[in-house]
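Observations on the three-dimensional arrangement
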Amino acid sequence: MSTVQKKPGDRQVILAAGFPHGSPWIIWSDPASGPQVDIASFQHAVRTAEDGKLDFFMLAEALRQREHKGKLFDLDITGRTHGLTLLNALAAVTEHIGLVATVSSTYNEPYELAKQLSTLDHLSDGRAGWNIVTTSDPASGVNFRRGGFLPHAERYRRAGEFLATARKLWDSWPIETVVGDGPAGRFVDDPEVGGYRQVGAQFDIAGRFCLPASPQRHPVLVQAGDSADGRQFAVDNVDIIFSMHAEPNAGRAFYADVKARARAAGRDPDSIKIMPGTQFVIGDSRPDAEERSRELAYRQITPQNAIARLEQVWGRDLSDHDADGPVPPVRDNRDVPHSGGYAPGGRPPSAQALAWYERAQAEKLTIRELIIAVTLRHTFLGTPGQIADQITDAVRTEAADGYVLAGLTQPTGLDEFVKSVVPELQDRGVFRTEYTGATFRENLGLPPVAGR
Amino acid sequence: MAIPVPLHLAIALDGAGWHPAAWRTAAVPAHAYFGLRYWADLAAEAEAARIDYVSFEDELAVQSPLPTGRDDRVDLFRGRFDAVQLAAGLTARTRHLGFVPVATTTHTEPFHASTAIATLDHVSTGRAGWQVRVSRNPSEARNVGRRTIPEIEPSGVASATKTRLRAELYREAEDFVEVSRRLWDSWEDDAVIRDLPTGRYLDRDRLHHVDFTGATFSVKGPSVVPRPPQGQPPVAVLAHEHNAFVLAARCADIAYVTPTDEHDAARLVEAIRAVEAEVGRREPGLKILADLVVFVGADAADRKARWDELAGAPMTSDAAVFVGSPVELAETVLRWQAGGIDGFRLRPGSHADDLIAVTRGLVPELQARGAFRTDYRSATLRARFGLTRPENRYAAA
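How each quantity is defined
- Residues numbered from 1 in each chain as written.
- Chains lettered and ligands numbered in written order.
- Predicted model: local features only at pLDDT ≥ 70, side-chain atom pairs only at ≥ 80, totals over all residues.
- Heavy atoms only, no water.
- Helix = DSSP H or I, 4+ residues; strand = E, 2+ residues; numbered from the N terminus.
- Rg over C-alpha atoms; globule rule 2.2 N^0.38 Å.
- Buried < 20%, exposed > 50% of the residue type's maximum accessible area, 1.4 Å probe, protein only.
- Areas by Shrake-Rupley, 256 points an atom, 1.4 Å probe, with all protein chains shown as cover.
- Lys, Arg positive; Asp, Glu negative; His and termini not counted.
- Charge placed at Lys NZ, Arg CZ, Asp CG, Glu CD.
- Domains from an automatic or database assignment.
- Contact = heavy atoms within 4.5 Å.
- Buried area = accessible area lost by both parts, 1.4 Å probe.
- Salt bridge = Lys/Arg side-chain N within 4 Å of Asp/Glu carboxyl O.
- Polar contact = N/O pair within 3.5 Å; in protein donor to acceptor, adjacent residues only side chain to side chain.
- Nonpolar A, V, L, I, M, F, W, Y, C, P; charged D, E, K, R; others polar.
- Core = buried A, V, L, I, M, F, W, Y, C linked by side-chain atoms within 4.5 Å.
- UniProt positions renumbered as here; feature names shortened; annotations may be inferred.
- 1 Å grid on protein atoms, 1.4 Å probe; cavity = no way out; pocket = protein on both sides within 12 Å on 5 of 7 lines; lining within 4 Å.
- Points joined across faces, edges and corners; volume = space filled by probe spheres on them.
- Expected span 1.5 Å × (residues − 1).
- Arc of directions from axis to C-beta.
- Phe/Tyr/Trp six-rings, centres within 6.5 Å; stacked < 30°, edge-to-face > 60°.
- Lys NZ or Arg CZ within 6 Å of the ring centre and 35° of its normal.
- Pairing = 2+ DSSP bridges.
- Right-handed = clockwise from strand over helix to strand, strands pointing away.

Details of the overall build of chain A
When its secondary structure is counted, chain A shows 13 helices and 15 strands. Against the globule reference of 22 Å for 452 residues, chain A gives a C-alpha radius of gyration of 23 Å, in line with a compact fold. Scored against the burial criterion, the 452 residues of chain A give a buried share of 61%. Working note: accessible area of chain A is about 16800 Å², and carbon and sulfur atoms make up 51% of it. The average position of the 49 basic charges and that of the 58 acidic charges among the side chains of chain A differ by 3 Å.

Some remarks on the domain arrangement of chain A
Residues and elements named next belong to chain A. Along its sequence, chain A is organised into domain 1 (14–279 + 378–443) and domain 2 (302–374). With ten residues of domain 1 at the contact, the number on the domain 2 side is twelve residues. Summed over both partners, the interface of domain 1 with domain 2 buries about 910 Å², with 49% contributed by carbon and sulfur atoms. Where domain 1 packs against domain 2, one counts three salt bridges. A salt bridge links Glu311 to Lys69, with the nearest nitrogen and oxygen atoms 2.9 Å apart. For the pair domain 1 and domain 2, the number of links is five residue pairs in polar contact (both at pLDDT 80 or more). Partitioned by chemical class, the residues of the side of domain 1 that touches domain 2 number four nonpolar, one polar and five charged.

Looking at the nonpolar core
Counting 193 residues, the largest nonpolar core has A:Phe57, A:Trp130, A:Phe417, B:Leu9, B:Phe56 and B:Phe344 as its most contacted members. Discounting chain neighbours no more than four positions away, the residues touching A:Phe57 are A:Ala17, A:Phe19, A:Ala45, A:Val46, A:Leu87, A:Leu90, A:Ile97, A:Gly98, A:Leu99 and A:Val100. A:Trp25, A:Val313, A:Trp314 and A:Leu370 belong to the second largest nonpolar core, which has 20 residues in total.

Here we look at the UniProt feature "binding site: FMN" (unreviewed entry) in chain A
Residue and element names in this part refer to chain A. Per the UniProt record, "binding site: FMN" (unreviewed entry) is found at Thr102, His152, Tyr156 and Ser227. From the set just named, the residues that line the largest cavity comprise Thr102. Relative to the elements of secondary structure, Thr102 occurs in strand β5 (residues 98–104). In this structure Thr102 comes out as buried when scored by relative accessible area, which is 11%. If sequence neighbours within four positions are ignored, Thr102 has contacts with Met58, Leu59, Ala60, Glu61, Asn131 and Val133. Within the structure, Thr102 has its side chain in polar contact with the backbone oxygen of Leu59 (distance 2.6 Å). Positionally, Ser227 belongs in the loop between β11 (220–223) and α5 (228–237). The exposure class of Ser227 is partly exposed, given its relative accessible area of 30%.

Here we look at empty space enclosed by the protein
It is the rolling of a water-molecule-sized probe over the atoms that shows where space remains empty. Taken as a whole and assessed by the stated rule, the structure comprises five cavities of 30 Å³ or more. Computed from the structure, the largest cavity encloses a volume of approximately 390 Å³. In terms of lining, the largest cavity is formed by 35 residues, of which the most central are A:His82, A:Gln116, B:His112, B:Ala113 and B:Ala116. For the lining of the largest cavity, the element with the highest residue contribution is helix α3 (residues 110–123) of chain B, accounting for six residues.

Re helix α8 (residues 300–311) of chain B
Residues and elements named next belong to chain B. Across its twelve residues, α8 extends 16 Å between first and last C-alpha, which sits within 8% of the 16 Å expected from 1.5 Å per residue. The set of residues buried in α8 consists of Ala300, Arg303, Lys304, Trp307 and Asp308. Projected down its long axis, α8 carries its buried residues within an arc of 135°, all on one side. Seen from the open side of α8, the exposed residues pointing more than 90 degrees away from its buried face are Asp302 and Glu309. Next to the buried residues of α8 lie β11 (287–296), β12 (320–324) and α10 (351–368). Downstream of α8 by one or two residues, Gly312 has phi in the positive range, about 90°.

Considering the UniProt feature "binding site: FMN" (unreviewed entry) in chain B
Here, UniProt's "binding site: FMN" (unreviewed entry) annotation points to B:Asp58 and B:Tyr170. Of the residues annotated just before, the largest cavity has B:Asp58 among its lining. Along the polypeptide, B:Asp58 turns up in the loop between β2 (53–56) and α2 (83–91). We classify B:Asp58 as buried; its relative accessible area is 5%. A polar contact of 2.7 Å, which involves the side chain of B:Asp58, links it to the side chain of A:Lys115. Here B:Tyr170 lies in helix α5 (residues 159–185). Exposure remark for B:Tyr170: the relative accessible area of 10% places this residue in the buried category. Excluding its chain neighbours within four sequence positions, the residues that come into contact with B:Tyr170 are B:Val134, B:Arg136, B:Glu241, B:Asn243, B:Ala244 and B:Leu247.

With respect to the side chain of A:Asp30
Residue and element names in this part refer to chain A. Position of Asp30 among the secondary structure elements: in the loop between β1 (14–19) and α1 (39–51). In this structure Asp30 comes out as buried when scored by relative accessible area, which is 16%. Within the local environment of Asp30, its side chain forms a polar contact with the backbone nitrogen of Ala32, the two atoms lying 2.7 Å apart. Dropping the residues within four chain positions of it, Asp30 is found in contact with Arg299 and Thr409.

With respect to the packing of aromatic side chains
On inspection of all chains with the given rule, the structure shows 30 aromatic pairs over all chains. On the numbers, 5.1 Å between centres and 75° between planes, the contact of A:Phe187 with B:Trp23 is edge-to-face. On the criterion of chain membership, the pair formed by A:Phe187 in strand β8 (residues 186–188) and B:Trp23 in the loop between β1 (8–13) and α1 (36–48) is interchain, its members lying in two chains. Residue A:Phe187 shares its accessibility class with B:Trp23, and that shared class is buried. A ring pair is formed by B:Phe212 and B:Phe217, whose centres lie 5.9 Å apart and whose planes are at 35°; its orientation type is tilted. An identical accessibility class is assigned to B:Phe212 and B:Phe217; each is buried. Chaining the aromatic ring pairs together yields one cluster made of A:Phe187, B:Trp23, B:Tyr33, B:Phe34, B:Tyr38, B:Trp39, B:Phe56, B:Phe77, B:Phe81 and B:Phe99. The lysine or arginine in question, A:Arg432, covers the ring of A:Phe431, its NZ or CZ lying 5.5 Å from the ring centre.

Quick notes on the interface of chain A and chain B
Contact residues are listed per partner, giving 75 residues for chain A and 81 residues for chain B. With both chains or domains summed, chain A and chain B bury close to 6500 Å², and 59% of this area falls on carbon and sulfur atoms. Summed over the three residues of chain A that lose the most area to chain B, namely A:Trp28, A:Arg145 and A:Phe187, the buried surface amounts to 14% of that side. Inspection of the region where chain A meets chain B yields seven salt bridges. Residues A:Arg145 and B:Glu172 are paired through a salt bridge, measuring 2.7 Å at the closest nitrogen-oxygen approach. The interface formed by chain A and chain B contains 37 residue pairs in polar contact (both at pLDDT 80 or more). Examining the composition of the side of chain A that touches chain B, we find that seven residues originate from one element, helix α3 (residues 110–123) of chain A, more than from any other.

Considering the pairing of β5(A)
Residue and element names in this part refer to chain A. Of all seven residues making up β5, seven are buried, and the element is well covered by its neighbours. Burial along β5 is two-sided: Gly98, Val100, Thr102 and Ser104 and Leu99, Ala101 and Val103, pointing in opposite directions, are all buried. Pairing analysis gives four bridges linking strand β2 (residues 56–59) to β5, with the strands arranged parallel. Bridge pairing in β5 links Leu59 to Ala101. In this fold, the crossover linking β5 to strand β6 (residues 128–133) by way of α3 has right-handed handedness.

If you want it as structure tokens, here you go:
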């Protein structure tokens, strides 16, 4: 236990390690960026996060290689794993940290996915998490039997029924029924174990589930939707919102909205945790960190990357423009095929282009400066102590319940944070010094899954 | 001096073992079957004996003696992990052992299955394989809900329909393996270039669309997972019927057969070689492993009799059932091998007794005769089977 006195009002911080593993934020040109799908890289990242007593380790998902202007995109770090398969491999080299896979409800079926998540929860002794995404990108359909399908609203309907079905499966076979009484010949004490039936607009299935309830019963559920539909879905269904509002003022507005929705839905607002994804830059002083942040931003957003990102939003070829020159005007490009795969904020490209263009005009930004300004989130800057203060303040003032941190390199990006910032947070009494819960859910301070 | 023919030994792990009553006398608390340690101990036991690989069964349903799944037995072992996920969980607890889990092709997405197997190969640095399985079970079809498989019981289905359905499911499996192999090849080994002057992480010309169109699915690709360490993890097929022989001969590396004795084993080897010729398979030929249920040890016959009595009926199996001492099993193994079998996938009657009798009885007996390896020498599962790393079909000639 920490010996430092906890100040009243200092709320405990939740921290996670994001492993985006295919992202413009990762500086792959840095010598510290290791092999992308090497098991040793993943083991380093997850062990570092566990050494830092972080709550969880989260993997992103891809269902296709990104394309740009009709060609495979080649500028960002890329090459992934099948998330759940990797997390099962990492479960065996860790003991406490939560393991969260991002998995689409659009291109999976409930029985198979519920079984895989239950397997992870059993094999990790209660540390499974599922970041539920709905796939909006019709181009992913080209890799699946289902093909490109489901309009926006339908995707949430499917996700909702998917989750309800998965819960039915996880609840269908209580662990207490596994008695294993050899002499009496009773492996289970109920011949109906696992029986379930789901008849709905999305799924019509029935039978018996293949696994008894796992230690957490249900994995910890995470969701990232930001639209009104998405927020409501989260309030109705999940434990953690992986939000995009890392900037504290925007964070407070989002936080207030979601917690109000939770109260209105009769849910304890503390039972839904809000965690923006963000990055940080550690320095010897605040000015040193700011200087490093600028340098790092220019390494994250290369000239080629800046042009490509602007092309995605502008919807036309800009390869004859200078990344360090002025931002070209927006035209109505709605008749030009959109390259897809990258739409920050999820807004239609033309509205987004207008907003970006206005900002570039107002702040007199070059293309590269604009892309840095609108895409990067070096939210926390300063010495380890200053960063610890910023995080503590953000959580105290309800900008967030905690953060999903992504390093600037992979797999070493969180090494310095764990070594220098985590002890500062622990000294402030806002972050655990030991894992105390038996499961991921308990470590988050969430109540057990309610009765069937 | 004759070069000894390498013998391959795999062990099929499932539940408490393959006898339905094996769990009843095992000193294993039932909850332990649903934790990592139980399986890690079995894998460690197999690895200590230098076994080629372990396999895991999988269905999209709970185990049941009835194809509909609607039985009311409480005395049978039930509950099974996702096989690929379980294998992944054991990779960090082993260094040499191979893993060949079942993944079903009938109701699943080829993209997910191929990336999961590729990932298993990455996390095990080249020790993954995949047993392709066709599902004809109505209960699995009901659990997934994507297509209907006619119920065989109780009403019965016209045999022509059944025959056609079977052929279709096997053809789909062949497409599934083909598209998986293409996806594994869709990243060339040197696709990541990290070229600073041009800002390119990838050479996009070294990634390839697979552009597969089949009767039940199409996949454009490329994969999202870089090429696995083995290039293409070995693919196995359990072959009881002609459809499966054809599937194996066309697209697998390993075939499991279920001979009744050594003569049948030799006959099956001949039959498979004939199908290989028929479909124009190129070298290397299939590695043919015989599936065999084994009860091993001085007390094997008594144990089996006791379990049969507890289960209410003698154990039945698609594979032959061996009961005898480690020496007798070693002799059986060598006799079948002389008939052309490349190795065995042993299904222990129980893990608690028969797995141990295999690893600590059979294996030392074979080693003493110079018939089985005493140490692991190859880094990958393919290499263990004498298979080279395949050329990438998309790499520029």
